Amino acid sequence: ASETDAGSILVAYFSWSGNTEKIANMIAEDTGADLFQIEPVEAYPEDYNAVVDQAKEEQTANARPELLHDVETFQNYDVIFLGYPNWWSDVPMIMNTFMEAHDFSGKTVVPFCTHGGGGFGKSLASVKAGTTGATVLDGFEVSGSRTDGATEDVKNWVDSLNLGN
């Protein structure tokens, strides 16, 4: 699929450690979707403790980190997989920036999340609130330590969505 094909699928994801990116690539391979990496203008620290602190500060401030680039043809996608790590039991604040930048009306949104043991936390509520007008399907969550071995689980989940691919 290309960004100009109406009815195509987009996998938009933010990944700090690479775990969410691994799952995003598996989904794209299973669906033929386009990939879009959500990146901030100012990169997050590479140090785990520093990024944890920054994530908490952003959440407390209800921050909206600026996007480095955006999907120019977002309106052409009918299905959007949204991927992110669970940060403080919610979506990273840059995901809110991305969701608020787009009109999800009439689209199908499929969340997926990597985590250190907290599952989706309260992030699904944030995805639903941030994608007003969309149909939000059942998501997929996996512990970051299991991403390398998740290929079959991802395939089974994608197949269960009946997206017609």
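Further up the page is the structure itself.
The structure contained in this document is the topic of the report that follows. The shown structure was predicted, so the numbers you read here are calculated from the model rather than taken from an experiment. (Residues numbered from 1 in each chain as written. Predicted model: local features only at pLDDT ≥ 70, side-chain atom pairs only at ≥ 80, totals over all residues. Heavy atoms only, no water.)

**Description of empty space enclosed by the protein**
Overall, the coordinates contain 1 cavity of 30 Å³ or more when judged by the stated rule. A volume near 30 Å³ is recorded for the largest cavity. Lining the largest cavity, in full, are Ala55, Glu58, Gln59, Trp87, Trp88, Val91, Pro92 and Met93. It is helix H2 (residues 48–61) that contributes the most residues to the lining of the largest cavity, 3 residues altogether. Per-class residue counts for the lining of the largest cavity are 6 nonpolar, 1 polar and 1 charged. (1 Å grid on protein atoms, 1.4 Å probe; cavity = no way out; pocket = protein on both sides within 12 Å on 5 of 7 lines; lining within 4 Å. Points joined across faces, edges and corners; volume = space filled by probe spheres on them. Helix = DSSP H or I, 4+ residues; strand = E, 2+ residues; numbered from the N terminus. Nonpolar A, V, L, I, M, F, W, Y, C, P; charged D, E, K, R; others polar.)

**Comments concerning the packing of aromatic side chains**
Evaluation of the coordinates by the stated rule reveals 9 aromatic pairs. With centroids separated by 5.4 Å and ring planes inclined at 90°, the aromatic side chains of Phe14 and Trp87 adopt a geometry described as edge-to-face. With Phe14 in the loop between strand E1 (8–13) and helix H1 (19–31) and Trp87 in the loop between strand E3 (77–85) and helix H3 (93–100), this residue pair connects regions lying 73 residues apart in the sequence. Residue class for Trp87 comes out buried when judged on its relative accessible area of 11%. A ring pair is formed by Phe81 and Trp157, whose centres lie 5.7 Å apart and whose planes are at 80°; its orientation type is edge-to-face. A residue pair is termed long-range when its members are at least 10 positions apart, and Phe81 in strand E3 and Trp157 in helix H5 (residues 151–160) qualify at 76 residues. What makes Trp157 buried here is its relative accessible area of 9%. An aromatic cluster of at least three residues, connected via ring pairs, comprises Phe36, Phe74, Phe98 and Phe104. The lysine or arginine in question, Lys56, covers the ring of Trp88, its NZ or CZ lying 4.7 Å from the ring centre. (Phe/Tyr/Trp six-rings, centres within 6.5 Å; stacked < 30°, edge-to-face > 60°. Buried < 20%, exposed > 50% of the residue type's maximum accessible area, 1.4 Å probe, protein only. Lys NZ or Arg CZ within 6 Å of the ring centre and 35° of its normal.)

**Let's talk about the packing of H1 against H5**
Packing of H1 against H5 brings their axes to within 10 Å, and their N-to-C directions diverge by 50°. In terms of orientation, H1 and H5 fall into the oblique class. The interaxial crossing formed by H1 with H5 has right-handed handedness. Side by side, H1 and H5 meet where Ile23, Met26, Ile27, Asp30 and Thr31 of the first sit next to Thr151, Val154, Lys155, Trp157 and Val158 of the second. Counted by class, the contact of H1 with H5 contains 6 nonpolar, 2 polar and 2 charged residues. (Axes fitted to C-alpha atoms, helices over the stretch in contact; angles between N-to-C directions. Parallel < 35°, antiparallel > 145°, perpendicular 65-115°, else oblique. Left-handed = near helix turned anticlockwise from the far one by under 90°. Contact = heavy atoms within 4.5 Å.)

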